Amino acid sequence: MLVSLVIRNFVLIEDAEMRFGPGLTVLTGETGAGKTLLTRALGLLVGERAEEGLVGLAADDAWVQAVIDVDPVALADIPEEVRDLVSLEPGEAIVTRRLNRQGRNRCFVNDAAITLASMGEIVGRLLSFSGQHEYRRLLDPAYQLAVLDEWSGPEVIELAAKVAAAHQQAQATEMRLHEMRRTREARLREIDFLHFQVKELSEAALSVDEEGQLLIEQRRLARAEDLLKSTGAAADLLSGGDAGADVSSLLAQAVTHLAAINSVDDSIDAVASGLAEAQYLISELSRELHGLLDAIAVDPARLQVVDERLRQYTDIARKYGGSTEAALAYLESSVEDLDDLERTEEDLTTLEHDRETHVATALELAEELSRRRRESGPLLEQAVVDQLADLGMPEARIVVRVDPREGWEGLRSSGSESVEFLLAANPGQPPRSLARTASGGELSRVLLALKCALAGVGGNETLILDEIDAGIGGRTGAAVAGKIRDLASSSQVIVVTHLAQVAALADRNYVVDKKISDQGPAVIHLSLVEDEAIVRELCRMMGGHPEDSEAMAHARQLRERAVVSRLSG
């Protein structure tokens, strides 16, 4: 329920405040007084876009603020992710929209800044705003479909949401499947190429350790003769040979000579000890050289094998990154890529099955939704026809046409059918689309009839009707007033009206007045009127003058009858 509305520096409204309650609140005033500015301000709170020129001259920015009492039922209708943005809970919520001259908009709910779309999600679900723009919406088949679902009840609304979700899931799967099929040829080429590379690298069986060992072996084999010659000469010098005395024998002789004077001079003993150690070391090195000499072989065939294997390392490295390490890393990543691509091919089969499953689910849900809509259509037709009869259109006939679409190709997120409301306003006329047949007054009454019908199945708690009685007067005006009274008995209703019959029924009457001054721009004032002031406003609305006693008596009589009707109804 809307508790209050405050407007500051909005076009010609410098400062206005309205308080609301259950029942009917009306806004009246002369044509051009600015009544539509109030509903325009409310429209900003339900997410409408702000055009230039809405900020008044009194300040640099304008703002519209409403206090809304949120009950648990209305709260549950708001998407959870949006509720969480502002920690929305049952109780009073403060909604604010600020505008500045530079075109910047700021939206707040409970002092939390949110986007315009999120504000519309919240406030638009708490207030049913039927401004003049809704007459145009009434001509939109998508809106007519939403009306049919709302009439059909929460189970159908929930089913429609399931159809939309299932359709989206099936579409997403189909798009992914299409993309996988579109890229399959390129993917298969890549799989073949990766198979070739992985096979080449795997069969090469590269190893950093092996490469290092082969490089050492290659150097040895390439200079095997030099190694034999130099190593043999060194071994002969150390341990004797054809060349004569060797180093080891000479050291042995020196050690023998010094042994004869052992313990005579400590310094000589130390030298003797060092020579003995040197003799031992030379002997060990000699044996090692002879061992190495035995291991050296001149083997041209083995050298050719090693050269060829190292050439393979070089060729592979040149193709795959410049080194053995890079080639091995490339092999590892290629194996992973190949696994992913081959898994994608496996996923293609799974995805085809998933697509069939999702499509079948969406079609099954859509079929049930279609059945429920077809069943609800005639009931809505009768409910609206009954309301139209009370609104001065007793011969009018509304037809809810449900046109089915076949198969997956015909399924949309809204279901497997299109819905259109047709109107036959007079006897003998075939039903035709509202857009082609209905006048402004007829559209107003059809919209009001729909609102009354929907109110009977638990419509929105707060209804804001902006000149829904446009183009209506006389007996039809009285009928419209009666319908609005009926709506107000179960809902909070706020009406901008030019009909005295409607204004007379109000629980609260606000009068909008434009003051024009020579000293400055025009300013719009808003006043809550009571008692005799209400009678004077009713008199004005009926074309009379407060100075005319008969006109005032007529207005007072209208007000008294309305009060009695409201209390008894």
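The structure this text deals with has already been given above.
Calculation rules
- Residues numbered from 1 in each chain as written.
- Predicted model: local features only at pLDDT ≥ 70, side-chain atom pairs only at ≥ 80, totals over all residues.
- Heavy atoms only, no water.
- Salt bridge = Lys/Arg side-chain N within 4 Å of Asp/Glu carboxyl O.
- Buried < 20%, exposed > 50% of the residue type's maximum accessible area, 1.4 Å probe, protein only.
- Helix = DSSP H or I, 4+ residues; strand = E, 2+ residues; numbered from the N terminus.
- Axes fitted to C-alpha atoms, helices over the stretch in contact; angles between N-to-C directions.
- Parallel < 35°, antiparallel > 145°, perpendicular 65-115°, else oblique.
- Contact = heavy atoms within 4.5 Å.
- Nonpolar A, V, L, I, M, F, W, Y, C, P; charged D, E, K, R; others polar.
- Core = buried A, V, L, I, M, F, W, Y, C linked by side-chain atoms within 4.5 Å.

Some remarks on the pattern of salt bridges
Applying the stated rule across the entire model yields 27 salt bridges. Close ionic contact of Glu48 with Arg40 constitutes a salt bridge, the shortest N to O distance being 3.1 Å. Taking relative accessible area as the criterion, Glu48 reaches 23% and is therefore assigned partly exposed. Here Arg355 ties to Glu174 by a salt bridge, and the two come within 2.7 Å at their closest N and O atoms. Of the two residues, Arg355 sits in helix α14 (residues 324-390) while Glu174 sits in helix α7 (residues 154-182), which places them 181 residues apart along the sequence. Residue classification places Glu174 among the partly exposed positions, given a relative accessible area of 28%.

Things to note about the packing of helix α6 (residues 141-152) against α7
Running from amino to carboxyl end, α6 crosses α7 at an angle of 130 degrees, the nearest separation of the two axes being 5 Å. In terms of axis orientation, α6 runs oblique to α7. Contacts between α6 and α7 involve Asp149, Glu150 and Ser152 from the first element and Val156, Ile157 and Ala160 from the second. Taken together, the residues of the contact of α6 with α7 break down into 3 nonpolar, 1 polar and 2 charged.

Brief notes about the environment of Ala235
Tracing the backbone through its elements, the reader meets Ala235 in helix α10 (residues 224-239). On the basis of relative accessibility, which here comes to 0%, the residue Ala235 falls in the buried class. Considered as a pair, Ala235 and Ala204 are 31 residues apart in the sequence and their alpha carbons are 41 Å apart.

Some words on the nonpolar core
Judged by nonpolar contacts, the single largest core of 62 residues is most densely connected at Leu24, Leu380, Leu448, Ile484 and Val493. Per element, the largest residue contribution to this core is 9 residues, and it comes from helix α17 (residues 440-455). Contacts of Ile484, omitting those with residues within four sequence positions, involve Leu24, Leu448, Leu465, Ile468, Val493, Val495 and Val502. In terms of nonpolar packing, the next biggest core, distinct from the first, is built from 48 residues, Ile7, Leu27, Leu116 and Leu526 among them.

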